[in-house]
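Structural characterization, general
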Amino acid sequence: APDEAKEKVDGSFEVDLPGAEMGKVCTRFPPEPSGYLHIGHAKAALLNQFFAQKYKGRLIIRFDDTNPAKEKDEFVESILHDLETLGVKGDVITYTSDYFPQLMEMCEKLIKEGKAYVDDTEREQMQTERKAMIESKCRNQSVEENLILWKEMIAGSPRGVQCCVRAKMDMSNPNASLRDPVYYRCNPAPHLRVGSKYKVYPTYDFACPYVDSIEGVTHALRSSEYHDRNDQYYRVLEDMQLRKVHVWDFSRLNFVYTLLSKRKLQWFVDNGRVEGWNDPRFPTVQGIIRRGLTIEALKQFILSQGASKNLNLMEWDKLWTINKKIIDPICPRHTAVLSEGKVLLDLSNGPETPFTRVILRHKKYEPAGKKASVFTKRIWLDHADATAVSEGEEVTLMDWGNCFIRKVERDQYGLVTRLQGELHVEGSVKTTKLKLTWLPEFSELVPVTLVDLDHLIVKKKLEENDDFVSVLNPVTRIETSALGDSNMRNLQRGEIIQLERKGYYICDVPFLRSSKPIVLISIPDGRQQKP
Ligand code: ATP
Ligand code: MG
Ligand code: MG
């Protein structure tokens, strides 16, 4: 296809929108305020902005608020917040509800022109008839009858609420989306912006092409699951006699072991399976940032996938690998020792009084700042390290020097309980196999909770008819107690660090002058493959 993406070497993509003219392009991102933005929405928002900028055109942020039952102010606020986080800035912010009066007029006009009719067929039967290409019994009602019923709908009367407005298109079209789609429905729920003024609301199929055309959108980008509805979109505009808009598909973003549907995510929130919409296990923009993903990585990832139309299932590892390349060169280094089974190493010739040295938090990146390293005669080692050394072996104590292990003491079960050693700081690091992280015994170590998170579901790819509740992962959060170097007292919420030899972490709960542990969430680095 001519508009297929051609990936460039730098990872970004180059593709032309059909009929796009410099300075005249207008795109739009139309979220429904029925949940927080997730990574799929981020893709849509970033792509729309990308094309608006590429053609020096305009970007509209439009809240598609046509379903009062699902929409909330909280979601409008969070979407605005998340767009700012993503660096997506629209030239204007609009609401589909701004056009409710005009949309109703348009609906009435189409009824008068015989291009729409009022139907009281029940929902299920309507679906069956649509599949079977059977025309509704109401299809040939007179305009007068339709107008009377339309007024009943507007009034929300008992008769009106049984009805909906449908386009009169083509019941025998092979494309089911052209078989008289619904334009208007009754809904008694109050609307977040216009309250109880209306009892009828337009459907997406009706409102979207109208507002796109009226607002001057030249290119309506939609994820590819709407592809079959493109002909319907064009037909709606034709029937309305409005300016044509190019519809342009991009691939819907999906991830393994991940739900990207606001309705399903809402279920996790409502059932207390997550802390909220910003839970670090969630694929929401707020969730993945809280998990330690940088905006830069997110943008690189999305723009590198580009505008390909393949429906593909992405691996999280790909995204986390990009992220690691961004955080590794700059994030500060700290040290932690796991509490369980930690072992003291006595250094026979260690310092009788502790001393402190100020060192860089990142050896190759000065802006990461400095930290104080405390040296004591007895030091803590991770149990696994204490178990790995053998008597007589020379090891390296990181940021200190070499040390001979003189004695390994074990309990009756053979577990290492204590080590005796002798510093050999003039020894060369090149001669040792083990480079160990350690913490001083005496300084004020910080209690730390290390958090490992897992996917919320155990099925890699959820099919259309799968019940997600039957594939929930029973354990998605594992906590491990540790001690951290005293500098970790100063970590800020959201700060990303590397714990030497353990991995990358983001500070979720900082030190709060209490004895409560600080909370560090493990950031995947793209190598932690799911078994
Ligand atoms: P959900 O299924 O999560 O409720 P939605 O498609 O109903 O999502 P909208 O708020 O209507 O959510 O979507 C706003 C825009 O984001 C639309 O243009 C839609 O195509 C796009 N979008 C939604 N999900 C994805 C996704 N997974 N990948 C790419 N774009 C998406
Ligand atoms: Mg939608
Ligand atoms: Mg959807």
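It should be emphasised that the depicted structure is a prediction, and the values quoted were computed from it without experimental measurement.

On to the site of ligand 1. Taken together, 16 residues surround ligand 1, and among them Glu32, His38, Ser223, Leu253 and Lys262 come closest. One of the side-chain nitrogen or oxygen atoms of Ser223 is found 2.7 Å away from an oxygen atom of ligand 1. In isolation ligand 1 exposes 600 Å². Once the protein is present, 88% of that is buried. At three residues, the largest contribution of residues to the shell around ligand 1 is made by helix 1 (residues 39-54). Its residues assigned to classes, the shell around ligand 1 shows eight nonpolar, five polar and three charged.

Next up on the list: the pattern of salt bridges. For side chains of opposite charge, pairing can occur when their charged atoms come near one another. Applying the stated criterion across every chain, the model contains 42 salt bridges. Residues Lys137 and Asp120 are paired through a salt bridge, measuring 2.5 Å at the closest nitrogen-oxygen approach. Taken together, the positions of Lys137 in the loop between helix 4 (123-132) and helix 5 (143-155) and Asp120 in the loop between strand 6 (116-119) and helix 4 put the pair 17 residues apart, joining distant regions of the chain. Accessibility expressed as a relative area gives 63% for Lys137, which makes it exposed. Residue Asp120 is classed as partly exposed on the basis of its relative accessible area of 23%. Put simply, Arg527 and Asp525 hold a salt bridge, and the shortest N to O gap is 3.3 Å. Look at Arg527 and you get exposed, because its relative accessible area is 64%. Salt bridges linked by common partners bring Glu275, Arg290, Arg477, Glu479, Arg493 and Asp508 together as one network.

Bringing the pairing of strand 21 (residues 401-410) into the picture now. Where strand 20 (residues 394-397) lies against strand 21, four bridges are found, and the strand directions are antiparallel. Bridging across to strand 21, Val395 finds its partner in Cys403. Linkage of strand 20 to strand 21, two consecutive antiparallel strands, is achieved through a turn of three residues, within which Asp399 is found at a positive phi near 60°. Note: strand 21 against strand 22 (residues 416-424), eight bridges, orientation antiparallel. In the strand pairing of strand 22, Lys407 is matched with Gln420. As consecutive antiparallel partners, strand 21 and strand 22 are separated by five residues, and within that stretch Gly414 has a phi angle of approximately 90°, a positive value.

What follows concerns empty space enclosed by the protein. The full count for this structure, using the stated rule, is three cavities of 30 Å³ or more. Considered as a void within the structure, the largest cavity measures approximately 200 Å³ in volume. Considering the residues around the largest cavity, the lining is formed by 17 residues, among which Thr335, Ser373, Trp438, Leu439 and Asp485 are closest to the centre. For the lining of the largest cavity, the secondary-structure elements that each account for two or more residues are strand 18 (370-375) and strand 24 (439-440). Examining the composition of the lining of the largest cavity, we find that four residues originate from one element, strand 18, more than from any other. Looking at the lining of the largest cavity, its residues break down into seven nonpolar, six polar and four charged.

About the thresholds
- Residues numbered from 1 in each chain as written.
- Chains lettered and ligands numbered in written order.
- Predicted model: local features only at pLDDT ≥ 70, side-chain atom pairs only at ≥ 80, totals over all residues.
- Heavy atoms only, no water.
- Near = heavy atom within 4 Å.
- Polar contact = N/O pair within 3.5 Å; in protein donor to acceptor, adjacent residues only side chain to side chain.
- Areas by Shrake-Rupley, 256 points an atom, 1.4 Å probe, with all protein chains shown as cover.
- Helix = DSSP H or I, 4+ residues; strand = E, 2+ residues; numbered from the N terminus.
- Nonpolar A, V, L, I, M, F, W, Y, C, P; charged D, E, K, R; others polar.
- Salt bridge = Lys/Arg side-chain N within 4 Å of Asp/Glu carboxyl O.
- Buried < 20%, exposed > 50% of the residue type's maximum accessible area, 1.4 Å probe, protein only.
- Pairing = 2+ DSSP bridges.
- 1 Å grid on protein atoms, 1.4 Å probe; cavity = no way out; pocket = protein on both sides within 12 Å on 5 of 7 lines; lining within 4 Å.
- Points joined across faces, edges and corners; volume = space filled by probe spheres on them.

No statement about biological role is implied by the geometric values presented.
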